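# A structural walkthrough
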Amino acid sequence: MKAKLWIPVMVLVAALAFGLGWWYRSQTATADEVATLEPASAPAYGAPVAPASAPARATARRTSAAPARTQGAEPAAPVVNPTTSTPAVEVASAAPAPSAMTVYAPHRLTVAEGTKIVFTLNDSLSTKNNREGEPFSGVVSRSVRVGDQVVIPEGSRILGQVSHVQRPGRVKGRGELGLRFDRLELPDGESYDLSASLTSLDESEKESVTEEGQVKGEGTKKRDAATIGAGAGIGAVIGAIAGGGKGAAIGAGGGAAAGTGLVLLTRGKDVSLKRGSELAIQLDRPLTIEVK
C-alpha cells in the first residue's frame, strides 16, 4: 500500500519541477530577446516624442573619466579653451616691469620762507632811464628743490616792477633803485603771487644792496676829491708861471675853487644794472606750488 502511494507523489513532484524549469527558461529567453532588440525608428512627423531618460550615474562617471594612458605613448597636450579667462597670476607676470624713473602724482609742495631764487635780468635798469612803475622780468638760472623734487625749474620767469627811483645828488647823496617782485611763472604756464626781497647782485656790479632790499649806487668821494685836487694842481701851475711862488699859491686856491665848483655841478653815479646781470632774491613768505 505504501509503495502505491509513493509512486504518484514522485510523479507529481517531477511534474512540478519540470513546469518550474520550463517557466524559468521562458522568462530568461524573453529578457534576452528584449535586450537585443534594435532601437525604434524615428517617430512619424507630428507624433509625440517620449522624453529621454537621464543617463545612469555610472555612465556619467565613465564618460567624464580621463582616457587610459597607453603604455609608451606621449601624453596629449592639454586643450586650451580660448574663451576661458586667464588667471590673474599669469596676467600679473606678463605685465611689463615698471620704469626706473619715479613718477609722482600731482601734489603741492611749500617752498619755505627765506629760500633764495637766483635769476638773470632780461632788461637793463638804471636810476637815469627808468621810472617808478615800469615793469621788468628775469629768468630763473638755478633750479629750486624741495627734498628730491624740483619745484621751481630753470627757465621760470620772475616778473616785477621798479618801485623806487632816487637819482644821486651833487656832492652828497647816492642813487637808489628799488625793485618789487610780483609774480612767478613756471614753464608749464602756472603762475603764483610772489613776495620777495633783493639780497645780492652780480659780483661784477659795483652797486650794493641795503637791508631794505634797495640797490644803492657807488659813492663819489674819491672822484670828487680827485676833481678838486686836479683843479688845484692846474691852478698852481698856471699861477707859478704867471707870478712865481706867490702866484702859485693864488693859482692853487683858484684851481681848487674851480674844481669844487665843478663837483657841485656834477651829479653822483647813477645806479645801473646791466641786462644779463645775475640777481638773487629771497622769499618773504612761504610759497606753495602744485607739482605735476
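Coordinates for the structure precede this section.
Just so it is clear, the model here is predicted, and its values are computed rather than measured.

Another aspect to go through is a nonpolar patch on the surface. A cluster of nonpolar side chains, namely Trp6, Ile7, Met10 and Val11, defines an oily patch on the protein surface of about 450 Å² accessible area. Judged by relative accessible area, Val11 falls into the exposed class, the value being 53%.

Once that is clear, we can look at the layout of surface pockets. Taken as a whole, the largest pocket encloses approximately 210 Å³ of empty space. Around the largest pocket, the lining comprises 12 residues; the ones closest to its centre are Val150, Val151, Glu290, Val291 and Lys292. Secondary-structure elements contributing two or more residues to the lining of the largest pocket are strand E6 (149-152) and strand E14 (287-291). Its residues placed into classes, the lining of the largest pocket shows eight nonpolar, one polar and three charged.

Inspection of the entire model under this criterion finds six salt bridges. Between Arg157 and Glu185 there is a salt bridge, with its nearest N and O atoms 3.4 Å apart. Taken as a pair, Arg157 in strand E7 (residues 157-166) and Glu185 in strand E8 (residues 176-185) lie far apart in primary sequence, 28 residues in all. Accessibility expressed as a relative area gives 34% for Arg157, which makes it partly exposed.

Turning next to the environment of Leu186. If you trace the backbone, Leu186 turns up in the loop between E8 and strand E9 (191-200). On the basis of relative accessibility, which here comes to 9%, the residue Leu186 falls in the buried class. A C-alpha to C-alpha distance of 9.2 Å links Leu186 and Val151, two positions 35 residues apart in sequence.

Conventions adopted
- Residues numbered from 1 in each chain as written.
- Predicted model: local features only at pLDDT ≥ 70, side-chain atom pairs only at ≥ 80, totals over all residues.
- Heavy atoms only, no water.
- Patch = residues over 30% accessible without salt bridge, like charges linked within 9 Å, V, L, I, M, F, W, Y side chains within 5 Å.
- Areas by Shrake-Rupley, 256 points an atom, 1.4 Å probe, with all protein chains shown as cover.
- Salt bridge = Lys/Arg side-chain N within 4 Å of Asp/Glu carboxyl O.
- Buried < 20%, exposed > 50% of the residue type's maximum accessible area, 1.4 Å probe, protein only.
- 1 Å grid on protein atoms, 1.4 Å probe; cavity = no way out; pocket = protein on both sides within 12 Å on 5 of 7 lines; lining within 4 Å.
- Points joined across faces, edges and corners; volume = space filled by probe spheres on them.
- Helix = DSSP H or I, 4+ residues; strand = E, 2+ residues; numbered from the N terminus.
- Nonpolar A, V, L, I, M, F, W, Y, C, P; charged D, E, K, R; others polar.

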